[in-house]
Structures are given as C-alpha cells and as structure tokens.
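In case you want the letters, here they are:
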Amino acid sequence: MMRRLLVIWAIVLLASTAKVQAQGLLSEKNNFTRQDTLRGSITPERVWWDLTYYHLDIKVKPDEKYISGKNTIQYKVLENNSVMQIDLQPPLKITKAVQNNKELDIRHDGNAHFITLKDPQKVNDINSIDVHYEGHPREAVRAPWDGGISWKKDENGNHFIASSCQGLGASVWWPCKDHMYDEVDSMLISVNVPSKLMDVSNGRLRSVEQYGDTKTYHWIVKNPINNYGVNINIGDYAHFSEVFDGENGNLDMDYYVLKDNLEKAKVHFKDAPKMMKAFEHWFGPYPFYKDGYKLVEVPYLGMEHQSSVTYGNKYMQGYLGKDLSGTGWGLKFDFIIIHESGHEWFANNITYIDIADMWIHESFTNYSESLFLEYYYGKEAGAEYVIGTRKGIQNDRPIIGYYHVNTEGSADMYPKGGNMLHTLRQLVEDDEKWRQILRGLNRTFYHQTVTTQQIENYMSEKTGIDLTEFFNQYLRTTKIPTLEYTIKNKELKYRWTNIIDKFDMPIQVSIDGQEEWLFPKAEWKTKILDSKNVSFEIDPDFYVETKKL
Ligand SMILES: [Zn+2]
C-alpha cells in the first residue's frame with residue numbers, strides 16, 4: 001500500500017537532500033556503503049511494485065536454531081519492469097524464487113537479491129512470487145537494540161524464542177521488501193513449532209493445525225503492517241483476555257505470558273486497559289480494532305510489535321524498576337506497557353518512511369508517558385516527569401539522522417523530542433486544541449507512512465504557528481536556545497543566543513509573580529519594569545537554557 005507516495009517521495013527526496021547538504025552533514029559522514037543505499041533507498045527494483053499481501057509460512061526448529069519456509073509476496077504492478085529487489089540477510093539463504101511455476105534467476109548483492117521475472121508484468125496486475133529460504137538466522141546480540149532471533153529458555157527449561165529487528169530490518173529473519181515506505185495491506189503469518197510450544201504473532205489467531213509432533217499457528221493481520229512490526233514469539237505460553245469498552249466499540253485485549261507468571265501478570269497487566277483508556281483520550285481510537293491488542297511476554301525488554309506488543313520488563317514498575325525522570329512519577333507505571341503500547345499510535349499507525357525520521361515514533365511516544373501520568377495524576381505530574389527526563393539528553397547529534405541509508409539520528413529523539421513537544425504545547429496555550437492536534441495526526445495519517453515534513457507541516461497548520469525554525473532548531477541541530485538576560489535598575493534586556501537564523505520562539509516568564517510572554521529575537525530587546533529588584537523566572541515547561549549576565 002503506498003498512497004500518493006511516489007509524488008511525495010520525489011518532493012521529499014529533493015527537499016531532504018537539499019537540507020542535508022545545507023547542513024554540511026554529508027561532509028561530516030560520507031562512509032555509507034552501497035549496501036546502505038540498497039537497504040535505505042527506494043531503488044528502481046523496488047519502486048515499480050506495490051506490496052498488497054504477504055503470507056509468511058515458516059518452520060522453526062528451536063533445537064537447531066533453524067528457520068525454513070517461504071514468503072509469498074503479492075504485489076500490484078505500478079510500472080514496467082521485470083527485476084525485483086528482495087532483501088534477506090545472511091547467513092539465511094534464498095533457496096529459490098518461483099512465479100507461475102517457473103523458477104527464476106537471482107543475482108545476489110549482499111543483503112539484496114535481484115530476481116528476474118519471466119512472465120510479463122502488466123501495469124495494474126496483481127501478481128505473486130514465492131521466495132523460499134532457510135538457514136540459521138542472526139542471533140540477537142542485545143535485543144531489541146541489536147536484534148535478530150533470541151533463542152532463550154524459560155526457568156522450566158522450555159524454549160523461549162522471539163524476533164526483534166527494528167533498524168536492523170525484518171530481512172534479518174524473513175525475505176521481504178525491507179523498506180518502510182511500502183506496507184502490505186494484510187498478512188498471514190504461519191509458524192510451525194514443536195507441539196508443546198506456541199507461537200504468538202501479530203493480529204488474530206485464525207487456526208492451529210497439528211502435524212505429527214508439531215503444530216502450525218496461523219495468525220491473520222487485517223490492517224497494514226510495517227515490516228519490523230511483524231514478529232514471532234515462541235514459548236510455553238498461558239493466555240488470558242478481557243474486552244475493553246473503547247471509542248470504536250469492543251476491543252479484544254489478549255495477554256500471553258509464561259505459565260509461571262500467569263497470576264502475577266493478571267495483576268500487573270492492569271496497566272494495559274489503563275493505558276488504552278488514557279491513550280484513546282489523547283490520541284483517538286486504538287488504530288487496530290480488527291486485529292485486537294496483545295501483550296506478549298518475551299525474553300528481552302520489549303518492542304512495539306503491531307497488535308502484539310512484546311513485554312519483558314520483569315513485572316516491575318518504571319524501566320526495569322528505575323524511574324527515568326528521577327521525579328518518582330516514573331514508578332507509577334510499567335514503562336514497557338505504556339511506552340511500547342504508545343507506539344501503536346506513533347510508529348504502527350503513523351509510520352516513518354525513512355528511519356532518519358524516527359523521532360515521529362519516539363518523541364511522541366516519549367511524550368505519551370507523561371500524558372499517561374497527566375491523565376491519572378494531573379497536569380503537574382506529567383510536566384514534572386517530562387522535565388525530569390531532560391537529564392538523559394546528550395545533545396551529541398541532531399535528532400534527525402541521515403536519509404536513504406537506513407540511519408537513525410541521536411537517541412535524544414526520546415527525552416529531547418518529548419521536551420520539544422512539551423515546549424510546543426506551551427506555545428499552543430490550549431490543552432484541548434493540543435489534544436485535538438494529537439488526535440488529528442492519528443486521523444489524518446491513519447495507517448500511513450510519512451515524512452517528517454508532513455508531520456511538521458500538519459503541526460504548523462493546526463497550531464497556526466509557522467514552526468519551520470522551531471523544528472529546524474530542535475530536530476536538525478544540537479543547539480539549545482539560550483535566553484540571555486540582564487536586569488539593571490528598571491530595565492530587563494533579553495535575547496536568544498545559540499539559535500539558528502530566524503528562530504524567534506516566544507517564551508513565558510514570570511515577573512514578580514505575574515506571568516507574561518516575552519518575544520525574544522537574536523537582537524537585544526528591552527522591557528521597562530515597574531520597579532527595581534523584581535523576581536524573574538522562566539517557565540520551566542520550556543526546554544531552553546538561560547543565562548543571566
Ligand atoms: Zn519507543
């Protein structure tokens with residue numbers, strides 16, 4: 001599914017290239033490889049076909065750490081071409097590719113495989129190709145950040161297996177079009193495992209078939225899904241569920257946990273319906289009612305797998321028991337349940353086309369943590385939390401990464417991005433309008449892949465503020481605006497420093513207890529005060545620095 005993407009892409013390509021060159025980033029780092037470009041760009045061998053459906057049909061052999069099977073890739077022909085790029089990372093191997101019973105020639109170029117189709121590809125036809133593969137997939141080094149397949153055991157010695165592949169790419173464990181711009185409209189995931197284990201993947205369990213001492217679990221996903229969202233989780237699972245009375249009616253919420261953790265999970269997972277209530281309030285209806293919502297225990301920390309959010313926070317509050325904000329508020333919820341589920345709106349509903357724009361996923365989701373707190377504990381709690389997370393900001397690199405080479409920006413996309421949004425909310429000065437913007441984003445870009453420009457433009461339009469310099473400052477530089485000021489006698493002088501050209505964000509201050517707006521620019525401005533020795537405070541909700549001269 002692509003939706004007007006080709007046109008948008010052409011514009012974005014030009015715009016982002018210009019931007020990157022303007023910042024001189026290319027000269028800072030230009031050691032990207034041909035493989036990075038094959039992975040991170042919409043190549044001629046990708047652009048001519050539009051994904052409609054995948055049927056991933058695999059057998060997992062836990063004892064051998066081995067996967068084999070095939071992916072049936074159905075697509076619509078958009079342009080005349082006969083060479084198709086499919087991605088799969090070694091040590092996995094494509095064994096053959098077949099269309100209409102004809103085995104096809106494949107030219108291998110690292111992780112990219114160029115398959116020459118024999119039959120004519122007529123524009124608008126829906127065709128399909130079977131890509132067979134097998135091997136020992138890359139084992140996750142430090143899931144989910146350095147992912148692959150985690151082959152673990154539970155405390156009873158049962159296999160406990162899970163995939164995770166954001167950034168690295170889904171092609172680390174199955175053959176696919178490994179670029180985020182194009183999502184299938186629906187997907188069937190069939191996973192054969194030893195009988196005493198169960199596979200939990202995305203969407204809904206359609207059927208289970210017994211084959212000797214193995215079982216095949218068929219999971220159907222009826223909504224568009226991004227490729228890193230697809231997952232397998234294999235273990236000795238117990239299941240419980242509830243029905244949530246949501247904005248779009250009844251939503252099935254299903255929980256899969258290791259059998260030993262069942263009773264603990266029934267109590268601890270009460271954060272999940274709490275999350276759903278708060279996030280539907282802020283962001284609009286859960287985006288995948290057809291597929292339901294699941295929380296699935298895994299042997300790593302967690303990931304936002306679409307409609308099957310994975311959970312490994314050890315049934316602790318905070319982030320593995322820690323409060324990332326240092327304010328105490330971070331221990332009021334299970335970080336993984338809240339954060340990873342927040343991604344159902346910002347990552348799975350609204351999805352970046354290029355991982356360079358990963359802030360669209362992480363900045364909004366970081367802010368969702370404080371919105372969760374605000375919903376249950378009040379506005380002050382949410383504000384204290386997000387302000388508290390500033391201690392994690394590195395300002396090492398810009399939040400936006402490098403385009404077309406599959407490279408994300410700084411991890412500041414989490415705390416700095418959240419604080420950027422909190423700052424923007426102050427400029428909006430209207431909480432209900434702010435909430436409607438968050439809901440509007442999810443409605444306008446429903447089930448779409450987007451660029452940062454689309455999100456920035458939407459927010460400028462809906463706030464009524466030209467946010468060009470605001471976003472350029474916070475997303476594309478490491479500079480934190482610094483308000484310099486002096487107070488002498490009855491004169492307040494102030495200006496912005498450490499800013500990009502034309503940055504002129506207003507800021508709220510308190511002078512002798514009276515709140516008011518200042519409109520600083522790069523040049524000094526003067527304000528005459530009513531009296532000498534006034535108190536002067538800058539609203540801490542703004543993520544800026546201040547310097548009294
Ligand atoms: Zn996240």
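The structure contained in this document is the topic of the report that follows. (Residues numbered from 1 in each chain as written. Predicted model: local features only at pLDDT ≥ 70, side-chain atom pairs only at ≥ 80, totals over all residues. Heavy atoms only, no water.)

Some details on the overall build of the protein
Scanning the protein from terminus to terminus reveals 13 helices and 29 strands. Rg of the C-alpha trace for the protein: 25 Å, near the compact-globule value of 24 Å for 549 residues, within the 12% margin. Principal axes of the C-alpha set define a box for the protein whose edges measure 85 × 55 × 40 Å. Across the 549 residues in the protein, those meeting the buried criterion constitute 61%. Within the protein, residue pairs in contact and separated by at least 24 positions form 69% of the contacts whose partners lie at least 6 positions apart. When the accessible area of the protein is evaluated, it comes to approximately 21700 Å², of which 48% is carbon and sulfur surface. Across the protein, the mean location of the 63 positive side-chain charges is 1 Å away from that of the 75 negative side-chain charges. (Helix = DSSP H or I, 4+ residues; strand = E, 2+ residues; numbered from the N terminus. Rg over C-alpha atoms; globule rule 2.2 N^0.38 Å. Buried < 20%, exposed > 50% of the residue type's maximum accessible area, 1.4 Å probe, protein only. Contact = heavy atoms within 4.5 Å. Areas by Shrake-Rupley, 256 points an atom, 1.4 Å probe, with all protein chains shown as cover. Lys, Arg positive; Asp, Glu negative; His and termini not counted. Charge placed at Lys NZ, Arg CZ, Asp CG, Glu CD.)

Considering helix H12 (residues 452–463)
Look at H12: 16 Å from first C-alpha to last across twelve residues, which is about the 16 Å you get at 1.5 Å a residue. Taken together, the buried positions of H12 are occupied by Thr452, Gln454, Ile455, Glu456, Tyr458, Met459, Ser460 and Thr463. (Expected span 1.5 Å × (residues − 1).)

Quick notes on the packing of H12 against helix H13 (residues 468–476)
Put simply, H12 and H13 touch, their axes get as near as 10 Å, and they point 140 degrees apart. Accordingly, the angle class assigned to the pair H12 and H13 is oblique. Where H12 crosses over H13, the two elements pack in a sense that is right-handed. Each of Thr452, Gln453, Glu456, Met459 and Ser460 in H12 lies in contact with H13, whose residues at this interface are Thr468, Phe471, Leu475 and Arg476. Looking at side-chain class alone, the contact of H12 with H13 contains three nonpolar, four polar and two charged residues. (Axes fitted to C-alpha atoms, helices over the stretch in contact; angles between N-to-C directions. Parallel < 35°, antiparallel > 145°, perpendicular 65-115°, else oblique. Left-handed = near helix turned anticlockwise from the far one by under 90°. Nonpolar A, V, L, I, M, F, W, Y, C, P; charged D, E, K, R; others polar.)

Thoughts on the sheet that holds strand E6 (residues 105–109)
Taken together, the three strands give an open sheet; going across it, the order is E3-E7-E6, and neighbouring strands pair in antiparallel fashion. Edge positions in the open sheet fall to strand E3 (83–87) and E6, since each of these has one partner strand only. Geometrically, the sheet is characterised by an average inter-axis angle of 25 degrees between neighbouring strands, direction not taken into account. Bridging between E3 and strand E7 (residues 112–116) involves five bridges; their strand directions are antiparallel. Counted as the bridge partner of Gln85 is Phe114 from E7. (Pairing = 2+ DSSP bridges.)

Points about the nonpolar core
Formed by 156 residues in total, the largest nonpolar core has its most connected members in Tyr293, Trp359 and Met459. If we skip the residues at most four places from it in the chain, Trp359 touches Phe364, Ile399, Ile400, Met413, Met420, Thr452, Ile455, Glu456, Phe471 and Leu475. (Core = buried A, V, L, I, M, F, W, Y, C linked by side-chain atoms within 4.5 Å.)

Focus: the coordination of the zinc ion
Summarising the metal site, the zinc ion is bound by the protein donors His339 (NE2), His343 (NE2), Glu362 (OE) and Glu362 (OE), whose distances to it range over 2.0 to 2.7 Å. Taken together, the four donor atoms coordinating the zinc ion and their angles of 53 to 153 degrees define a geometry best described as irregular. Taken in chain order, the donor set of the zinc ion reads H-x3-H-x18-E. With His339 in helix H7 (residues 335–342) and Glu362 in helix H8 (residues 359–377), the pair connects residues that are 23 residues apart, well separated along the chain. Under the relative-accessibility criterion, Glu362 is labelled buried at 2%. (Donors = N, O, S within 2.8 Å, 3.2 Å for Na, K, Ca; no water. Tetrahedral: all angles 85-135°; square planar, octahedral: opposite > 155°, others 65-115°.)

As for empty space enclosed by the protein
Scanning the model with the defined rule gives four cavities of 30 Å³ or more in all. The computed volume of the largest cavity comes to approximately 120 Å³. (1 Å grid on protein atoms, 1.4 Å probe; cavity = no way out; pocket = protein on both sides within 12 Å on 5 of 7 lines; lining within 4 Å. Points joined across faces, edges and corners; volume = space filled by probe spheres on them.)

Thoughts on the side chain of Asn127
As for its position among the elements, Asn127 is in strand E8 (residues 126–135). A polar contact of 2.8 Å, which involves the side chain of Asn127, links it to the side chain of Gln121. Not counting residues within four places of it along the chain, the set of residues in contact with Asn127 comprises Ile73, Gln74, Tyr75, Val77, Gln99 and Gln121. (Polar contact = N/O pair within 3.5 Å; in protein donor to acceptor, adjacent residues only side chain to side chain.)

Quick word on the pattern of salt bridges
Enumeration over the complete set of coordinates arrives at 22 salt bridges. In this structure, Lys493 engages Glu491 in a salt bridge whose closest nitrogen and oxygen atoms are separated by 3.9 Å. For Glu491, a relative accessible area of 31% puts it in the partly exposed group. A network of salt bridges, in which partner residues are shared, links Glu374, Lys379, Arg425 and Asp431. (Salt bridge = Lys/Arg side-chain N within 4 Å of Asp/Glu carboxyl O.)

Quick notes on the layout of surface pockets
Which parts of space are left empty comes out when a probe the size of a water molecule is rolled across the atoms. In this model, the largest pocket occupies a volume close to 810 Å³. Along the wall of the largest pocket there are 35 residues; nearest its centre are Trp145, Tyr319, Glu362, Ala411 and Tyr414. Among the secondary structure elements, those contributing two or more residues to the lining of the largest pocket are strand E19 (302–303), H7 and H8. Considering every element that reaches the lining of the largest pocket, the biggest residue donor is H7, with four residues. The class makeup of the residues in the lining of the largest pocket is 16 nonpolar, eleven polar and eight charged. Estimated volume of the second largest pocket: approximately 440 Å³. Here the lining of the second largest pocket is built from residues that sort into eight nonpolar, three polar and ten charged.

As for the state of the cysteines
All told, the structure shown has zero disulfides when counted by the stated rule. A disulfide-free cysteine, Cys165 has its sulfur positioned 8.1 Å from the sulfur of Cys176, the nearest such atom. For Cys165, a relative accessible area of 1% translates into the label buried. Cys176 gets classed as buried once you look at its relative accessible area, which sits at 0%. (Disulfide = S-S within 2.5 Å.)

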